[in-house]
Amino acid sequence: MPHAGTHLEPGHRVVIVGGGAGGLELATRLGDKYGRKGVLDISLVERDRTHVWKPKLHEIAAGSMDMSAHEVNYLAHSHWHGYRYRIGEMIGLDRARREVHVAPFLDSEGREVTPERVIGYDTLVLSIGSQSNDFGTPGVKDFAMKLESQADAARFHEALINACIRAHVQQAPLRPEQMKVVIIGAGATGVELAAELHRTTREVVAYGLDGVDPGKDIKITLLEAAERVLPSLPPRLSAATEQLLSQLGVQTLTRAKVARVAPDGVELADGRAIPAEIVVWAAGVKAPEFLKDIDGLETNRINQLVVRPTLQTTRDEAIFALGDCAACPWVGRDAMVPPRAQAAQQQASHLFAQFGRRMAGEPLQDYQYRDFGSLVSLGKYSTVGNMMGGLIGGSMMIEGIFARIMYLSLYKMHELALHGAAKAALDSIARLITRRTEPHVKLH
């Protein structure tokens with residue numbers, strides 16, 4: 001059922017917190033249509049200076065993608081698209097005053113750039129995304145890396161290069177954990193990272209690190225507590241993925257519950273010890289801790305804000321949530337909308353349309369999730385996936401070049417929303433040209 005809308009007056013303050021796929025697309029589209037004309041006052045609160053599409057982080061970590069060629073500078077982007085960029089991290093909310101509390105922003109040397117402050121709003125959109133859920137597993141915080149941000153991906157890549165160089169120059173035999181990578185969690189992130197690492201580690205060694213034998217010294221192990229890899233996707237997709245990973249030499253261990261992460265590896269609940277120099281935690285997600293019951297808003301057990309089908313929070317009609325931080329009902333099914341990039345993009349488009357309805361004083365419409373399927377990229381080797389229901393009346397397995405094109409199209413849709421057709425096309429051409437003249441793997 002449509003819900004009552006509120007007519008928006010000129011100068012209505014819209015604050016969007018989180019510059020991920022959904023938040024940045026919404027800010028861009030609202031800014032282009034309403035911000036430039038001064039109809040709405042639109043602000044985007046984000047702690048990073050640049051945006052990178054989160055599904056690309058595994059490529060940055062592996063070194064197969066140049067981050068500078070894909071990142072979007074928030075300050076410049078906001079100037080060209082009619083919204084304000086407010087640097088900082090949200091730490092609190094005052095619903096009575098309609099204010100967002102933002103932490104001080106410090107530079108890399110710990111000096112204050114902006115003080116703690118409050119930002120007033122008339123409509124608030126929370127698009128804060130998610131973070132890894134370690135389920136309280138001992139040692140994860142101290143000894144495992146995560147891939148939640150650009151900084152995490154860059155840190156992993158540096159550790160990987162350092163591990164290769166260290167092994168190349170040392171005279172003593174390799175320790176049991178050296179050149180071993182364990183990835184905990186065989187969801188999309190873990191699987192994609194494993195496939196990318198197989199290729200990039202061999203290319204790194206080919207740059208003159210002949211003291212390392214890739215086939216003998218480098219070992220990648222993928223752990224999954226469930227019965228199969230990609231447990232949330234159809235079994236046929238899991239089987240095809242596991243077969244390809246095996247062909248690449250990636251060891252996959254299912255029904256492998258992690259008991260502890262140690263400085264030199266991982267201990268499983270059944271007593272097995274797996275040596276590793278680098279451990280990556282990619283199992284489970286949750287919304288940030290500070291969202292838990294924030295100023296009386298309803299949240300679930302993983303800190304997601306519970307929203308109505310209109311994407312409004314259940315206890316405050318002036319606050320909306322989208323993307324991974326929102327627990328949104330899947331209309332027509334007894335399920336919640338899954339935390340995928342395509343869902344955040346759809347919700348941003350839906351919410352943009354609802355602002356038009358609100359401007360006209362019309363009632364809000366419910367968001368209906370459209371499942372375009374799941375695609376997992378295994379680097380240059382393959383892309384496998386399933387294309388779902390509403391598109392073809394069933395479920396069909398797709399593989400090879402067609403799947404790869406569909407995987408890339410999701411990112412192209414994101415670029416189109418941010419830059420428009422002309423710039424997206426020019427950027428693609430520029431990347432094709434530079435790809436032919438630059439190394440395939442980044443060594444910095």
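See above for the structure.
Because the structure is a prediction, the values reported are computed rather than measured. Every chain is numbered on its own, with residues counted from 1 as its sequence reads. Predicted model: local features are reported for residues with pLDDT of at least 70 only, side-chain atom pairs are reported and counted for 80 or more only, and whole-chain, interface and lining totals are derived from all residues. Calculation of side-chain values draws on the structure's entire complement of heavy atoms; hydrogens and water are dropped beforehand.

Moving on, we get to the sheet that holds strand β19 (residues 278-281). Across a sheet, paired strands are connected by hydrogen bonds in the backbone, their directions being either parallel or antiparallel. When DSSP locates at least two bridges between a pair of strands, those strands are taken to pair. Labels follow the DSSP assignment, with helices taken as runs of H or I lasting at least four residues and strands as runs of E lasting at least two, numbered in each case from the N terminus. If you walk across this open sheet you meet the four strands as β15-β14-β13-β19, and the pairing is parallel. Both edges of this open sheet fall to β15 (251-254) and β19, since each of them pairs with a single strand only. Here the strands of the sheet are splayed against their neighbours by 15° on average, with no regard to which way each runs. Across four bridges, strand β13 (residues 180-184) lies against β19 in parallel orientation. Looking at the pairing, valine 181 lines up with isoleucine 278 of β19. Axis angles are defined between N-to-C directions and span 0 to 180 degrees, where every axis is a line fitted to C-alpha atoms and, for a helix, only to the segment in contact.

Moving on: unusual backbone geometry. Its identity is not glycine, yet methionine 179 carries a phi of approximately 65°, on the positive side. Tracing the sequence through the fold places methionine 179 in the loop between α5 (150-169) and β13.

As a further point, take helix α1 (residues 21-35). Most of α1 sits out of view: twelve of its 15 residues are buried. Each residue is placed in one exposure class: buried if its accessible area under a 1.4 Å probe, protein chains only, is under 20% of its type's maximum, exposed if it is over 50%, and partly exposed if it falls in between. Listed as buried for α1 are Ala21, Gly22, Gly23, Leu24, Glu25, Leu26, Ala27, Thr28, Leu30, Gly31, Tyr34 and Gly35.

Pairing in this open sheet of three strands is antiparallel, and the strands run β16-β17-β18 from one edge to the other. A single partner strand is all that each edge strand has here, and the edge strands are β16 (258-262) and β18 (273-275). Taken pair by pair, the neighbouring strands of this sheet meet at an average axis angle of 20°, ignoring direction. Bridge analysis of β16 against strand β17 (residues 265-268) gives four bridges, and the strand direction is antiparallel. Paired with valine 258 across the bridge in β17 is leucine 268.

As a further point, take the pairing of strand β5 (residues 84-87). Burial along β5 is one-sided: the residues Tyr85 and Ile87 are buried and none of Arg84 and Arg86 is. Summarising the sheet, strand β2 (residues 40-46) and β5 pair through four bridges and their orientation is parallel. Within β5, the position partnered with leucine 44 by the bridge is tyrosine 85.

Attention now moves to the pattern of salt bridges. Salt bridges, as used here, are contacts in which a Lys or Arg side-chain nitrogen is within 4 Å of a carboxyl oxygen on Asp or Glu. Applying the stated criterion across every chain yields a total of 16 salt bridges. For the salt bridge of aspartate 94 with arginine 97, the shortest nitrogen-to-oxygen distance reads 3.8 Å. Judged by its relative accessible area of 21%, aspartate 94 is partly exposed. Taking relative accessible area as the criterion, arginine 97 reaches 60% and is therefore assigned exposed. Three or more residues joined by partner-sharing salt bridges are found here, namely Asp107, Glu109 and Arg111.

Here we take up the side chain of serine 238. In this structure, serine 238 sits in helix α8 (residues 235-248). In protein, a polar contact requires one atom able to donate a hydrogen and another able to accept it; more generally it is a pair of N or O atoms within 3.5 Å, and residues adjacent in sequence count only if both atoms are side-chain atoms. Polar contacts involving the side chain of serine 238 include one to the side chain of arginine 228, which spans 2.5 Å. The contact definition used throughout considers only heavy atoms, calling two residues in contact when any of these lie within 4.5 Å. Setting aside chain neighbours within four positions, we find serine 238 in contact with Arg228, Val229, Leu230 and Leu233.

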